[in-house]
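Listed below are the residues making up each chain.
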Amino acid sequence: MRQICCDPRLLKMEAAAKSKAGSAKLDRLMEMVEVMLAEGRRILLFSQFTEMLALIEERVREAGIDFAWPALPFAAQRTTALLAGASADALPFRAGTFDAVHTADVLQHMTITGAGEALREFRRVLKPGGLVALRLRATRRFAPNQPDVDFDHAYTDASLRSALSEAGFQVLFLRRINVLPSLAAELAYTPPDPDAPVKGIALRAENDARGKVLAGYLALERAWLRVGLPTPKLGHTLLAIAKT
C-alpha cells in the first residue's frame, strides 16, 4: 500500500510498470519544489523507497524557467521537466547542477548588461565541460538594425563570441542560420507598425503549403550545417554552442 500510494510504478508488476495513471504525490512534490526553488531555497529529499528517489530524479533531471509566471502552467502541459519562475540572470539552482543549458530567443530581449549576467549564470550552473546552446537574434544585413517590435538588441558574430568569452566559455560552433528566409524577409522589409500584433506572428494550419516549404528548407539547411559546409552571413538567427 505504501508503494502504490507513492507511485504505481514501484509495484513489481508488469501492469503497474505500464500504467499511465501517474502519481498525485509526485506531482504535488514537483509543485512544491518549483515554488521553493523560485524562492532560492535548497532542498533535501528523503524516501523510504530508493526506487522512488530514482523516479524523482527523472522528473528533476530537466528543468526550465520562465520570467512570466502565467507561462508555467502552459509549459507544464507540454513537458515533465521541473519548472520554476525566475530570470535568466538569477537562476534558482546551485553551481554545477547541469550538463547543458539551452535558450532560444531570450537574451536579445534583455539589456546587454543583463544578457551578460545571464551568460555568467549559465556558466555558474553548468558542470565542468558543460555545454550551452544559444539561439539569438542576429543583425540584419540590408535593412535597418534599430530596435523595433521584434527585439531590443541584436548580436553580430563578433559581439556574441566576445560575450561568451567574457563569461568564461569556449566557443565550439557559431554560425548564422535561416539564410534564405532571412534574405526574403529583408527584401520585403517595411517599417514595423507599432499597432500590429507582436512580431506579426500568424498561426497557420498544420498542412499549410508555406509551412511545409519552410520545414523542408530548414531540414536541408540542418543537413548542410552537419557536414560543415559554409553558409552566407545573411541569416537573422545566430546559433552558438560553447563549453565551460
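Residue indices begin from 1 for each chain and proceed along its sequence in written order. Local features in this predicted model are restricted to residues whose pLDDT is 70 or higher, and side-chain atom pairs enter the listing and the counts only when it is 80 or higher, whereas totals over whole chains, interfaces and linings include all residues. The basis for every side-chain value is the complete set of heavy atoms in the structure, and neither hydrogens nor water enter the calculation.

Novice: Explain the overall build of the chain to me, please; I cannot follow it from the model alone.
Specialist: Helix and strand labels come from DSSP, where a helix needs a run of H or I of at least four residues and a strand needs a run of E of at least two; each type is numbered from the N terminus. Per the secondary structure count, the chain includes nine helices and six strands. For the exposure calls, accessible area comes from a 1.4 Å probe over protein chains only, and a residue counts as buried if that area is under 20% of its type's maximum, exposed if over 50%, partly exposed in between. Evaluated residue by residue, the chain yields a buried proportion of 34% over its 244 residues. Taking contacts inside the chain between residues at least 6 apart in sequence as the whole, the part at least 24 apart equals 72%. Here the Shrake-Rupley method, with its probe set to 1.4 Å, supplies the accessible areas, and only the displayed protein chains count as covering residues. For the chain, the exposed surface amounts to about 15,500 Å²; the carbon and sulfur share of it is 58%. Two residues qualify as a contact provided that any one of their heavy atoms is within 4.5 Å of a heavy atom in the partner residue.

Novice: How should the environment of Thr139 be read in this particular structure?
Specialist: By the secondary structure assignment, Thr139 is in the loop between β4 (126–137) and α7 (157–166). Along the primary structure Thr139 and Leu234 are separated by 95 residues, whereas in three dimensions their C-alpha atoms are 8.9 Å apart.

Novice: Help me understand the side chain of Glu221 in this model?
Specialist: With respect to the secondary-structure elements, Glu221 resides in helix α9 (residues 209–226). Comment: no salt bridge for buried Glu221; closest opposite-charge side chain is Arg222, at 7.4 Å. Reaching out from Glu221, the side chain makes a polar contact with the backbone nitrogen of Val179 at a distance of 3.0 Å. Ignoring any residue separated from it by four or fewer positions in sequence, one finds Glu221 in contact with Ile177, Asn178 and Val179. Charge counting treats Lys and Arg as positive and Asp and Glu as negative, with His and both chain ends excluded. By salt bridge we mean one thing: a side-chain nitrogen of Lys or Arg within 4 Å of a carboxyl oxygen of Asp or Glu. Counted as a polar contact is a pair of N or O atoms within 3.5 Å, where, for protein atoms, one must be capable of donating a hydrogen and the other of accepting one, and residues adjacent in sequence contribute only when both atoms are in side chains.

Novice: In this structure, what is going on with the sheet that holds strand β6 (residues 237–243)? I would like to understand it.
Specialist: The strands that make up a sheet are held in pairs by hydrogen bonds between backbone atoms, and each pair lies either parallel or antiparallel. By the convention used here, strands pair only if DSSP detects at least 2 bridges between them. Here four strands make up an open sheet; going across it, the order is β3-β4-β6-β5 and the pairing mixed. On the outer flanks of this sheet lie β3 (98–104) and β5 (170–177), each paired with one strand and no other. Neighbour-to-neighbour, the strand axes of this sheet turn through a mean angle of 10 degrees, independent of strand direction. Sheet analysis places β5 next to β6, joined by seven bridges and oriented antiparallel. Residue pairing for β6: Phe173 is matched across the bridge by Ile241. For helices, the fitted line uses only the C-alpha atoms of the stretch in contact; every axis is such a line through C-alpha atoms, and the angle between N-to-C directions lies from 0 to 180 degrees.

Novice: Help me understand the pattern of salt bridges in this model?
Specialist: Opposite charge on two side chains makes pairing possible when the charged atoms of those side chains draw close. This structure, assessed with the given rule, holds four salt bridges. Ionic pairing is found between Asp99 and Lys127, a salt bridge with its closest N-O pair at 3.5 Å. Remark: Lys127 occurs in strand β4 and Asp99 occurs in strand β3; sequence separation between them is 28 residues. Under the relative-accessibility criterion, Lys127 is labelled partly exposed at 33%. Between Asp157 and Arg176 there is a salt bridge, and its shortest N-O distance comes to 3.0 Å. Highlighted residues: Asp157 in helix α7 and Arg176 in strand β5, separated in sequence by 19 residues. The buried category is assigned to Asp157, whose relative accessible area is 18%. Judged by relative accessible area, Arg176 falls into the buried class, the value being 2%.

Novice: What is the right way to read the packing of aromatic side chains from this model?
Specialist: Any pair of aromatic rings gets described here by the distance separating the centres and the angle formed by the planes. Pairing of aromatic rings covers Phe, Tyr and Trp, the last through its six-membered ring, and needs centres within 6.5 Å; plane angles under 30 degrees mean stacked, over 60 mean edge-to-face, and all others mean tilted. All chains considered together, the criterion is met by one aromatic pair. Ring geometry for Phe93 against Phe98: centres 5.1 Å apart, planes inclined by 85 degrees, an arrangement best described as edge-to-face. On the accessibility criterion, Phe93 (13% relative accessible area) is buried. Of the residues examined, Phe98 reaches a relative accessible area of 13% and is grouped as buried.

Novice: How should the packing of helix α8 (residues 179–187) against α9 be read in this particular structure?
Specialist: Packed helix pairs are characterised by how far apart their axes lie and by the angle those axes make with each other. α9 packs onto α8 with a crossing angle of 130 degrees between their chain directions and a minimal axis gap of 9 Å. In this view, α8 runs oblique relative to α9, as classed from their interaxial angle. Facing Val179, Leu180 and Pro181 of α8, the residues of α9 in contact are Leu214, Tyr217 and Glu221. Oblique is the label for any angle not under 35 degrees, not over 145, and not in the 65 to 115 range, which are roughly parallel, roughly antiparallel and roughly perpendicular in turn.

Novice: Whenever I open this one, α8 confuses me. Can you help?
Specialist: Residues lying three or four places apart along an α-helix face the same way, a consequence of the helix completing one turn every 3.6 residues. Residues of α8 that are buried include every one of Val179, Ser182 and Glu186, and no others. Here the buried residues of α8 occupy an arc of 70 degrees about the axis, which is enough to place them on one side. Residues of α8 that are buried sit in contact with β5 and α9. It is the directions from the helix axis to the C-beta atoms whose arc is reported.

Purely spatial values, then, with no claim about function.
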